[in-house]
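# Structure at a glance
Now for the letters of each chain:
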Amino acid sequence: MPQLNATEIWTFKNNSGIAQPMHIHDISWHILDVNGVPPSPGDAGAKDTFLVPGRVMGVPGTVRVMGTFTDNLGDYVSHCHNLEHEDHAMMFNFQVQP
């Protein structure tokens, strides 16, 4: 439950064998690293959707993102943008608080 005006770093881990496009509602995020490596030039800048790589040789893919909740209070969701996952409500909720 992030606080309004807070900057947070979130880590996404993917244990599946395929990359997953994550979409977070409310704000844009900056990718800090993908599997511990700085993002490519194409992944620099503000994003609302980013790819979390799949597991390789038993190691989950990870992406760390940073964002600041400067605009709105309330309830939001984050979900995978694979249509099959969206259709099955594979998401989590978060609430920006004062």
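Rules and cut-offs
- Residues numbered from 1 in each chain as written.
- Predicted model: local features only at pLDDT ≥ 70, side-chain atom pairs only at ≥ 80, totals over all residues.
- Heavy atoms only, no water.
- Helix = DSSP H or I, 4+ residues; strand = E, 2+ residues; numbered from the N terminus.
- Buried < 20%, exposed > 50% of the residue type's maximum accessible area, 1.4 Å probe, protein only.
- Core = buried A, V, L, I, M, F, W, Y, C linked by side-chain atoms within 4.5 Å.
- Contact = heavy atoms within 4.5 Å.
- pLDDT = per-residue confidence, 0-100.
- Pairing = 2+ DSSP bridges.

With that settled, the discussion passes to unusual backbone geometry. Outside of glycine, negative phi angles account for most residues, and trans bonds account for most peptide bonds. Unusually for a residue other than glycine, Asn5 sits at a positive phi of about 75°. Tracing the backbone through its elements, the reader meets Asn5 in the segment before strand 1 (7-14). Positive phi outside glycine occurs at Met57, with the angle close to 50°. For Met57, a relative accessible area of 83% gives the class exposed.

With that out of the way, let us pick up the nonpolar core. The biggest cluster of nonpolar side chains holds 16 residues, and the ones touching the most others in it are Trp10, Phe12, Phe50 and Val65. At the level of elements, strand 1, strand 2 (20-24), strand 3 (29-34), strand 5 (49-52), strand 6 (61-68), strand 7 (74-80) and strand 8 (91-96) are the ones that each hand at least two residues to this core. Beyond its immediate chain neighbours, meaning those up to four positions away, Trp10 contacts Pro2, Ile24, Trp29, Val63, Arg64, Val65, Phe69, Phe92 and Phe94.

Mean pLDDT over the chain stands at 89; residues scoring 70 or higher make up 90%. Ranking the helices and strands of the chain by mean pLDDT puts strand 3 first, with 97, and helix 1 (residues 83-87) last, with 59.

A word on the pairing of strand 2. Taking burial as the measure, the 5 residues of strand 2 include 5 buried ones, the bulk of the element. Side chains Gln20, Met22 and Ile24 of strand 2 all project onto a buried face; the interleaved residues Pro21 and His23 project onto the opposite face, where all are buried too. Judged from the 4 bridges that link them, strand 2 and strand 5 form a sheet pairing that is antiparallel. The partner of His23 across the bridge, within strand 5, is Thr49. Summarising the sheet, strand 2 and strand 7 pair through 3 bridges and their orientation is antiparallel. Each residue of the ladder has a partner; that of Ile24, found in strand 7, is Ser78.

Strand order in the open sheet formed by 4 strands is 1-6-3-4, with antiparallel pairing between adjacent strands. In the strand order of this sheet, the two ends are held by strand 1 and strand 4 (46-47), each with one partner. The pairing of strand 1 with strand 6 spans 8 bridges and is classified as antiparallel. Bridging from a neighbouring strand, Thr11 pairs with Arg64 of strand 6.

This brings us to the environment of Val37. You can see Val37 is positioned in the loop between strand 3 and strand 4. Judged by relative accessible area, Val37 falls into the partly exposed class, the value being 48%. Note: C-alpha distance between Val37 and Thr62 (25 residues apart in sequence) is 10.0 Å.

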